[in-house]
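Topology and contacts: notes
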Amino acid sequence: MALPLERILVTGGTGFLGSAIVQALVEAKKYEVTALDINPPSLGTETFSQVRYVRANILHPEELAKVFSEAKPSIVIHTVGVYPLGNARYNLKGQEAVFEINVTGTENVINAAEGSGAKGLVYTSSIAVIVDEIDGNFANVDESWPTGRATLSYGQSKTTAENLVLSSNSPTFRTCALRPATIFGPNDPACIPVIHACISKGETPFIIGDGSNLCDFVYVSNAADAHVLAVCNLLATGTAAGEAFFITNGGPVAFRDFCIAVWKEFGHIPPFQVNIPKGLAWGLGLMAEWATWVTGAQATLSRRAVKDATAVRYVSLVKARRILGYKPRVNLPEALKVACQHYKQLLGGR
Amino acid sequence: MPSPMSLIYYTFHPQELRSIIQWKVWHNPVHERDESKEPETLRRCFFFLDKTSRSFSAVIKELHPELLGPVCLFYLILRGLDTIEDDMTIPLETKEPILRNFQDIIEKDGWTFTENGPNEKDRQLLVEFNVVVEEFKKIKPAYQTIIKDIAKRMGNGMADYANNAEHNINGVNTIDDYELYCHYVAGLVGEGLTRLFVEGGLANAALLKRPELMESMGQFLQQVNIIRDIKEDLDDKRRFWPKEIWSKYVNQFEDLFKPENKHLALNASSEMILTALSRADDCLYYLAGIKEQSVFNFCAIPQSMAIATLDICFQNHDIFKKNVKITKGEACQLMIESTQNLQLVCDVFRKYTRKIHQKNNPHDPNFLRISMTCGKIEQFIESIFPSQKKPVNEKASPVSVEQAAKAKAEAQEAKWDMIYMGLTVFLTLFIISGSMVFIAWMAGARFDIALDQLKDQWRALMGSSGPSDSGGASGHSEL
């Protein structure tokens, strides 16, 4: 006789990370999965017959309550979040919408989970709770670093939500937060496409700074594995309860080199390289900001974008390895190959 | 006598010359050998050490007295083994039993070997090997056991290779074969030395529980030598680069040396360098387990030299044409920095890792892997010597919506505090200056005249004033 399956509910279950988590849960063959999302599975993505797909908006508590009372999850994985892209990342315009989904949404999910008698919740936080302090450099930072210093709305909203999750941890409702680095993979909305776009814009030869600043990334299936491990932990020993964990692909790589590796997958290697000193780039960024202010048009460059491109931002994986037993299964070169191949097909299909 | 070329070189690299002088003048050995107390046979052993070792004799002779003799003898025994294995003039029937039984030979009183070819440079060591045997039997039994064990395993490994005709013709096949070869000639040395250090109480016993660390110490040195010596080895008809690597780029090993294959050869060399470089962080980890300064120097100097050598070999086509070497000045600088503490050695590793990273070529098929390996070394160094401090004065993080609202209210309050403070200062200044003016006026000050004068001067300054006005002004000024 088979053991009864543990019921898992994944919010954002048809999204980029959420669908990878759903897949990893299905492959583990130990779980009965409900995928909750505001959108139905998008065309071309894999769906699983044994997964229940339910539409609901996390900003509507009554919708949530209904879905949760039907699904009766043991563990909830909460992946829903919004990430302002481009210039919106740097100014606080549109901040309310970000906070509403990332903070209020999380509060609603916690309430629904507790209300439905769930035993725990795994929250997809972000490395941004630390590295969104735009002026900072972070070399091998670990989880003992204090949060709350983020200066960008995304990092601030994730910090507030993470604090809500971790402070609701109790012996009967175990919670933990995973803080993945920049996630990439097939269908990723914000990493490979943005880096790929530099090719047609002719931006690839220009290096801001010396191009040696190290950053962390994580492949989507590795991030999904970490979520499954967290679920296992909360259901078993619970050593992860009340804790936050950085999740990366195992080691940092120079930001510039990651970009080059992506471009290489599309057959592009910068024909020449020009180093733009950090100070000069900062000045250009300032000028671009004035131009934006005068003309109202959006510029690609700004002082904060320069900081984003030149900052050292990588973290320690020791805690996730030790407590969750996390190990990135797909290494960076393989992962990039798969992700870029997928994007190539997507571009070809358009 | 320095050559004219080196004179010119050091004229333009005074920093390197300074390092040479600094090393020669200021370096004090941690421990000094006391020759007067040594028997004649031991002195003869040190004589052979100087003769046979280019790089190791200096660091060995500065070792802690407890290990000075054992390490010197360990070196000479392995050198003897190597001299027999290397000599192609010795027939296999003679060679094999000696290699396989070397652990017993080193206990045979008066054993010598005279069948080496006349051109074998270390021939004399084996001719007088009885001195090594005599001294070996005097060291502590625990050390003898370790040395015998390593000699046995290394001798058998060498005999296997000597028997392997394929290896002799085609060289090393797979990467695993390559690392196995390096294990026999260097990894085992790392193991033997580590056991000697731990036995002597000069290194942390935990090193024995992480065998991959001591293996990496030997692998790193050996692989760097193999990369650097590719041309020399080719000239001696030996090849150690594994076919699994070079065959990705060229069809024949000799093709690596053809000028038209420059880029392919460089790609092959960077894959070799990548394989070696992936051991670097283990080496630093190992060094953290050394407790005694002379042992630390002994281990760290060759490692620093190795990473510097890796850097000059990287993306350097000269390795296929000649023997590439670091300059003497750089070597002295490295020795100065490798004989102090782990942090300085880490700085050396980081410096050369960054130089390698900078030369990394986007066209190289291993571009990303090399970059990742550099990142791994940097992260490892950062993990043992963090460059940043955790922020201590925690800005209160808004734990909840209420707290965020409270923080906002506090900020609002602070703003009004600021406004009130400004107002108070302004008011105080106004009252004080007002009362001063009032007292002056009471005392008969003519503010009306001063005011008129001020007005006139203002007009004169602006230049738009009429003549009558300027006359009036002058009239006043005569008052």
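Along each chain, residues carry numbers from 1 onward, in the same order as the chain's sequence is written. Whichever chain is written first becomes A and whichever ligand is written first becomes 1, with later ones labelled in order. Per-residue local features are limited, in this predicted model, to residues with pLDDT of at least 70; the limit for side-chain atom pairs, both in listing and counting, is 80 or more; totals at the level of whole chains, interfaces and linings are taken over all residues. Water and hydrogen atoms play no part in the side-chain values, which are based on all heavy atoms of the structure.

1. Quick word on the environment of Phe48(A)
All names here are of chain A. Relative to the elements of secondary structure, Phe48 occurs in the loop between strand S2 (31-37) and strand S3 (52-55). Along the backbone, Phe48 and Ser19 are 29 residues apart, and their C-alpha atoms lie at a distance of 10.0 Å. Pairs of residues are marked as contacts when any of their non-hydrogen atoms sit within 4.5 Å. When sequence neighbours within four positions are dropped, the list of residues in contact with Phe48 reads Val22, Gln23, Val26 and Tyr53. Starting at the N terminus, helices and strands are each numbered in turn, a helix being any DSSP run of H or I of at least four residues and a strand any DSSP run of E of at least two.

2. Description of unusual backbone geometry
Positioned with a positive phi, Lys72(A) is a non-glycine residue whose angle comes to about 45°. With respect to the secondary-structure elements, Lys72(A) resides in the loop between helix H2 (61-71) and strand S4 (75-78).

3. So, the sheet that holds S3(A)
All names here are of chain A. Read from one edge of the open sheet, seven strands run S3-S2-S1-S4-S5-S7-S12, paired in parallel fashion. Since the sheet does not close on itself, it has two edges, and those belong to S3 and strand S12 (244-247), each with one partner. Averaged over neighbouring strand pairs, the angle between their axes works out to 20° when direction is ignored. Here, a strand pair is defined by DSSP locating no fewer than two bridges between the strands. Where strand S5 (residues 120-124) lies against strand S7 (residues 174-180), five bridges are found, and the strand directions are parallel. Counted as the bridge partner of Thr124 is Leu178 from S7. The convention used is that axes are lines fitted to C-alpha atoms, helices contributing only their stretch in contact, and that angles between N-to-C directions extend from 0 to 180 degrees. Of the strands in this sheet, S5, S7 and S12 touch helix H5 (residues 153-167), which is tilted by about 155° from S7.

4. A closer look at a nonpolar patch on the surface
A contiguous nonpolar surface patch, about 670 Å² in accessible area, is contributed by Val437(B), Phe438(B), Ile439(B), Trp441(B), Met442(B) and Phe447(B). For the nonpolar patch, the element with the highest residue contribution is helix H22 (residues 401-442) of chain B, accounting for five residues. Patch membership requires over 30% relative accessible area and the absence of a salt bridge. Like charges are linked within 9 Å, and nonpolar side chains (Val, Leu, Ile, Met, Phe, Trp, Tyr) within 5 Å. Accessibility throughout is a Shrake-Rupley quantity obtained with a 1.4 Å probe, and a residue counts as covered only by protein chains that appear here. In what follows, salt bridge is the name for a side-chain nitrogen of Lys or Arg lying within 4 Å of a carboxyl oxygen of Asp or Glu.

5. Digging into the packing of helix H12 (residues 175-199) of chain B against helix H13 (residues 211-228) of chain B
Residues and elements named next belong to chain B. Look at H12 against H13: their axes get within 7 Å of each other, and the N-to-C directions meet at 130°. The orientation of H12 with respect to H13, classified from their angle, is oblique. In terms of crossing hand, the pair formed by H12 and H13 is right-handed. Together, Tyr178, Glu179, Tyr181, Cys182, His183, Val185, Ala186, Gly187, Gly190, Glu191 and Thr194 of H12 and Met214, Glu215, Gly218, Gln219, Gln222, Gln223 and Ile226 of H13 make up the contact between the two elements. Class assignment for the residues of the contact of H12 with H13 results in seven nonpolar, eight polar and three charged. Just so you know how the angles are binned, under 35 degrees is roughly parallel, over 145 roughly antiparallel, 65 to 115 roughly perpendicular, and the rest oblique. Two helices that cross are described as forming a left-handed crossing if the nearer one is turned anticlockwise from the farther one by less than a right angle, and a right-handed crossing if clockwise. Each residue is assigned to one class: nonpolar for Ala, Val, Leu, Ile, Met, Phe, Trp, Tyr, Cys and Pro, charged for Asp, Glu, Lys and Arg, and polar for all the others, Gly among them.

6. Focus on the confidence of the model for chain B
Residue and element names in this part refer to chain B. Chain-level statistics for chain B give a pLDDT mean of 89 and a share of 94% at 70 or above. In predicted models, pLDDT denotes the confidence assigned by the predictor to each residue on a 0 to 100 scale. Scored below 50 in pLDDT, residues 465-479 makes five contacts in the model with residues more than four places away or belonging to other chains. Confidence estimates for the predicted assembly give a pTM of 0.84 and an ipTM of 0.92.

7. Some remarks on H2(A)
Residues and elements named next belong to chain A. Residues Leu64, Val67, Phe68 and Ala71 constitute the buried set of H2. Seen end-on, H2 carries its buried residues on one side only, within an arc spanning 100°. Residues of H2 that are exposed and point more than 90 degrees away from the buried face comprise Glu62 and Lys66. Phi turns positive one or two residues past the end of H2, at Lys72, with a value near 45°. Burial status follows relative accessibility: with a 1.4 Å probe on protein chains alone, a residue under 20% of its type maximum counts as buried, one over 50% as exposed, and anything between as partly exposed. It is the directions from the helix axis to the C-beta atoms that the arc portrays.

8. Section: the packing of helix H10 (residues 141-163) of chain B against H12(B)
Residue and element names in this part refer to chain B. At their nearest, the axes of H10 and H12 sit 9 Å apart, and the two run at 175° to each other. By the angle class used here, H10 and H12 are roughly antiparallel. Counting all contacts with H10, which are made through Ala142, Tyr143, Ile146, Ile147, Asp149, Ile150, Arg153, Met154, Gly157 and Tyr161, the residues of H12 involved are Asp177, Leu180, Tyr181, Tyr184, Val185, Leu188, Val189, Glu191, Gly192, Arg195, Leu196 and Glu199. For the contact of H10 with H12, the class distribution of residues is 14 nonpolar, two polar and six charged.

9. So, the interface of chain A and chain B
Taken together, the contact pairs 36 residues of chain A with 27 residues of chain B. Interface of chain A and chain B: buried area, both sides summed, is about 2600 Å²; carbon and sulfur atoms make up 59% of it. Counting across the chain A and chain B interface gives zero salt bridges. Those elements that place two or more of their residues in the side of chain A that touches chain B are strand S6 (138-141), H5, strand S13 (253-254), helix H8 (255-265), strand S15 (313-315) and helix H12 (332-349) of chain A. Residues belonging to the side of chain A that touches chain B are distributed by class as follows: 18 nonpolar, 14 polar and four charged. When two components associate, each loses some accessible surface as probed by a 1.4 Å sphere; the sum of these losses over both components is called the buried area.

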